[in-house]
Structures are given as C-alpha cells and as structure tokens.
Amino acid sequence: MKYNVARDGQQVGVFLEYEIRAKIQSGELLTSDLYWTEGMADWQSLGSAGHLTGAVNPYAPPSVDVSRPMEVGGARIELAGLGERLGAVMLESLVAIVCVIPLGIGIAIMDEPNANTMLGGGLAAVGGLALLALMIYNLVLLATKGQTIGKKWLNIRIADFETNGNPGFVKAFLLRSFVNGVIGAIPLVGPLYSITDICFIFRDDRRCIHDLIAGTHVVKGTLP
C-alpha cells in the first residue's frame, strides 16, 4: 500500500511502508509528519501508526522486517514482483524447450528403422550444444550479475540480502539453486519441500526458502 506524506502543508512524497520505516530511521521523515492513504477520512501523524514507524505492538503477530538499506550505488532498490519472477521462470523454461526440440527430434530420428543417422545425429548435437551454451551463459550471468537469461530480459536480479549487491556464484547458484535442487530431489520429502518453497514467495519480503538458505532476495533493476 502507498502512503502520501506531508510536512508543514507541503507534500513530501508517496512511499511504501518499508520506505517510510527506513526514512524515519534515517531521519528523512519525522513522526510528526502527516500521512494519508485511500480509505482514510483525514490525515494522521506517522507517530500514531506503529506499522509505519516500526513501533513494537506486543499484541501484533510476528512480521518480516523489510526495512533494509534499499540503495546501491545511488540507485533505489525495489523488490521484484510476483509476476516478474514467474515470468522469468517461464521465459527460461521456454528457451530451454527451444533448445531441447532439436535434441528430441534427433534422438527420435535415430531410433527409427533405416534412420538417417547423419541428420539425427546433427540435430541431436545442435540441441545438446544449445543446452550446454544456455547452461554456461546462465552460470556466467549468475556469478557476475545475479541473473539468468529470463531475469535479464525482465530486468530483475538476485541480490545479497544484507548488501543488495552481487551475491556471487556460491549464493546465487550453489546455495540458491543446487542445494535447493538436491533437497527437492529427496523422495517423498522433496515434492512437499518444493511446494512449500514456492509458497514462501507470499511473505512480506517475497523470499522463498531457497532465498533464506542463500541469504538472497530478488530485486528490480541491474547492478549499477
């Protein structure tokens, strides 16, 4: 939800909850500043809204802290949306399918009686090389920019949760993807884990279990 903030009769800006909390902590906003959002009858002071100031309510349910440093190299950091993250996965799957098609056709041709082994072998080789090239390209992107081809196209990236900088190969791939894949492959437990992992994206900070394991989150934009 977005909130309008004003001071001395002048509008300061429109901010999300975590932005207001961060700006109050840094001193950019004051608890005496007024805020308003759709549905409110009148402006109220930020100091009266514990969910905006970060004040602790002993009766409130546990919540996730998303008021972290949200700038890198002067560029504002914003969490990637659910649609963007899903879109990136779909794009990556589509590219992989395109690479697999000639591989599958080539294998099918070679399995036929009186097959044209040269044609089948050629198609299989093209598909195999395309998959290898895609894998290498994604690994390089992950190590250097925290991206895969789908995330690059949608202008989102994996970032270190503490610094919002490049998570590096260990966090972006080994912990976030490889370890997560190993757990997901465990019989009986794996499918349940994978479903739970996906459901975690609905947290306030949009961090799945593999993000918690790796110490990462997914944000908009590229590295400055």
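Residues numbered from 1 in each chain as written. Predicted model: local features only at pLDDT ≥ 70, side-chain atom pairs only at ≥ 80, totals over all residues. Heavy atoms only, no water.

The next point concerns helix H6 (residues 168-184). Helix length check: H6 (17 residues) gives 22 Å between terminal C-alpha atoms against 24 Å at 1.5 Å per residue, within 8%. In the structure, H6 departs most strongly from a straight axis at Leu174, where the bend amounts to approximately 35°. Looking only at H6, the buried set comprises Gly168, Ala172, Arg176 and Asn180. (Helix = DSSP H or I, 4+ residues; strand = E, 2+ residues; numbered from the N terminus. Expected span 1.5 Å × (residues − 1). Bend = angle between axes of the 7 residues up to and from the residue. Buried < 20%, exposed > 50% of the residue type's maximum accessible area, 1.4 Å probe, protein only.)

A large share of strand S8 (residues 216-220) lies buried, amounting to 4 of its 5 residues. Examined bridge by bridge, strand S7 (residues 156-160) and S8 share 5 bridges and lie antiparallel to one another. Among the inter-strand pairings, Ile156 is bridged to a residue of S8, identified as Lys220. (Pairing = 2+ DSSP bridges.)

To continue, consider the packing of aromatic side chains. Summed over the entire model, instances satisfying the criterion amount to 2 aromatic pairs. Between Arg207 and the ring centre of Phe161, over which it is positioned, the NZ or CZ distance is 3.7 Å. (Phe/Tyr/Trp six-rings, centres within 6.5 Å; stacked < 30°, edge-to-face > 60°. Lys NZ or Arg CZ within 6 Å of the ring centre and 35° of its normal.)

Take Glu78: it is sitting in the loop between strand S6 (75-76) and helix H3 (82-111). Note on Glu78: relative accessible area 36%, which makes it partly exposed. Glu78 sits 143 residues away from Gly221 along the chain, and the two C-alpha atoms are 8.1 Å apart.

Its 29 residues give helix H4 (residues 117-145) an end-to-end C-alpha distance of 41 Å, which sits within 8% of 42 Å, the value for a rise of 1.5 Å per residue. Those residues of H4 that sit buried are Gly120, Ala124, Gly127, Leu134, Asn138, Leu141 and Leu142. In this structure, the buried residues of H4 make contact with H3, helix H5 (149-153), S7 and H6. Following H4 by one or two positions, Gly146 adopts a phi angle in the positive range, close to 70°. (Contact = heavy atoms within 4.5 Å.)

Here the structure, examined in full by the defined rule, presents 8 salt bridges. With its nearest N and O atoms 2.9 Å apart, the salt bridge here joins Asp205 to Arg203. Exposure remark for Asp205: the relative accessible area of 3% places this residue in the buried category. Among the residues examined, Arg203 registers a relative accessible area of 26% and is labelled partly exposed. Here the residues in one salt-bridge network are Arg85, Arg176 and Asp211, joined through shared partners. (Salt bridge = Lys/Arg side-chain N within 4 Å of Asp/Glu carboxyl O.)

Reading across the sheet, the 4 strands line up as S2-S1-S3-S4 and stay open at both edges, with antiparallel pairing between neighbours. A strand with exactly one partner marks an edge of an open sheet, and here the two such strands are strand S2 (10-16) and strand S4 (44-45). Each of strand S1 (2-7) and S2 touches helix H1 (residues 17-26); the most contacted strand, S2, lies at about 120° to it. (Axes fitted to C-alpha atoms, helices over the stretch in contact; angles between N-to-C directions.)

Unlike most non-glycine residues, Asn155 shows phi in positive territory, near 60°. You can see Asn155 is positioned in the loop between H5 and S7. Located in the positive-phi region is Asn164, a residue other than glycine, with phi close to 65°.

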